Amino acid sequence: DHFDLLGNSIGGKFLITYATKAITEDDENLYFISAWSVAAYHKKDATWKTLPLSSSYLSSGINDAICDNDNLWIATNNGVIRYDKIKNKWFVYGLADGLPDLQVRAILTDGDYVWFAGPAGVTQFFWNAKHLEE
């Protein structure tokens, strides 16, 4: 058995060749986050896909990742990235969106709110505000 690069499978095996900084899951997928990409492994079908995202959002440093029913959240050293799994769309949050610090080290989801922890302390973020969808 041998492995190929991210996105390719040989003999039913798969290897992410970049340093994986975070792993999280929902009912259907495992998500592997590296400084270069986000890969989703579908548990039932044993298939892989890469979620399209510019690596510039991830290269600042990844600190945490968590899933809720509809979203994948990634805490970075340059804000927070949210993948809306239903709309297949990425959102980036920073100081202008209410984060007290760009460096977010930990995330906890709580319905329409997400808790962010970082050097500036802990923040409760209302992510479902309509103005953030624009």
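Just above, that's the structure.
Source: prediction; values computed, not measured.

Parameters at a glance
- Residues numbered from 1 in each chain as written.
- Predicted model: local features only at pLDDT ≥ 70, side-chain atom pairs only at ≥ 80, totals over all residues.
- Heavy atoms only, no water.
- Salt bridge = Lys/Arg side-chain N within 4 Å of Asp/Glu carboxyl O.
- Helix = DSSP H or I, 4+ residues; strand = E, 2+ residues; numbered from the N terminus.
- Pairing = 2+ DSSP bridges.
- Axes fitted to C-alpha atoms, helices over the stretch in contact; angles between N-to-C directions.
- Buried < 20%, exposed > 50% of the residue type's maximum accessible area, 1.4 Å probe, protein only.
- Polar contact = N/O pair within 3.5 Å; in protein donor to acceptor, adjacent residues only side chain to side chain.
- Contact = heavy atoms within 4.5 Å.
- Phe/Tyr/Trp six-rings, centres within 6.5 Å; stacked < 30°, edge-to-face > 60°.
- Patch = residues over 30% accessible without salt bridge, like charges linked within 9 Å, V, L, I, M, F, W, Y side chains within 5 Å.
- Areas by Shrake-Rupley, 256 points an atom, 1.4 Å probe, with all protein chains shown as cover.

A.B. asks: Which parts of the structure should I look at to understand the pattern of salt bridges?
C.D. replies: As enumerated under the stated definition, the model contains three salt bridges in all. Notably, a salt bridge pairs K43 with E25, separated by 2.6 Å at the nearest N-O pair. Here E25 lies in strand β1 (residues 20–25) and K43 lies in the loop between β3 (38–42) and β4 (47–51), a separation of 18 residues in the sequence.

A.B. asks: Hey, could you run me through the pairing of strand β9 (residues 106–110) in this one?
C.D. replies: Taken residue by residue, a regular strand's side chains alternate between the two faces of the sheet. Pairing analysis gives five bridges linking β9 to strand β10 (residues 113–118), with the strands arranged antiparallel. Residue pairing in the sheet places A106 in a bridge with A117 of β10.

A.B. asks: Quick question: what am I supposed to make of the sheet that holds β10 here?
C.D. replies: By definition, the strands of a sheet pair up through backbone hydrogen bonds, in either a parallel or an antiparallel sense. Strand order in the open sheet formed by three strands is β9-β10-β11, with antiparallel pairing between adjacent strands. In this open sheet, the two edge strands, each paired with only one partner strand, are β9 and β11 (121–126). The sheet shows a mean angle of 20 degrees between the axes of neighbouring strands, direction not considered. Where β10 lies against β11, six bridges are found, and the strand directions are antiparallel.

A.B. asks: Got a minute to help me understand the side chain of T76 in this structure?
C.D. replies: Considering the arrangement of structural elements, one finds T76 in strand β6 (residues 71–76). Residue T76 is classed as buried on the basis of its relative accessible area, which comes to 0%. There is a polar contact of 2.7 Å between the side chain of T76 and the backbone oxygen of G79. Non-local contacts of T76, meaning those with residues more than four positions away in its chain, are made with Y57, S60, G61, I62, N63, I81, L102, Q103 and V104.

A.B. asks: Would you explain the packing of aromatic side chains in this entry?
C.D. replies: For any pair of aromatic rings, the description consists of the separation of the ring centres together with the inter-plane angle of the planes. Throughout the structure, instances matching the rule amount to eight aromatic pairs. For the ring pair Y113 and F126, a centre distance of 5.2 Å and an interplane angle of 45 degrees mean the geometry is tilted. With Y113 in strand β10 and F126 in strand β11, this residue pair connects regions lying 13 residues apart in the sequence. Judged by its relative accessible area of 33%, Y113 falls in the partly exposed class. For F126, a relative accessible area of 37% gives the class partly exposed. In this structure an aromatic cluster arises from ring pairing among W73, Y93, F116 and F125.

A.B. asks: Whenever I open this one, a nonpolar patch on the surface confuses me. Can you help?
C.D. replies: On the surface, a cluster of nonpolar side chains totalling about 300 Å² of accessible area is made up of L108, W115 and V122. Considering the arrangement of structural elements, one finds L108 in strand β9.

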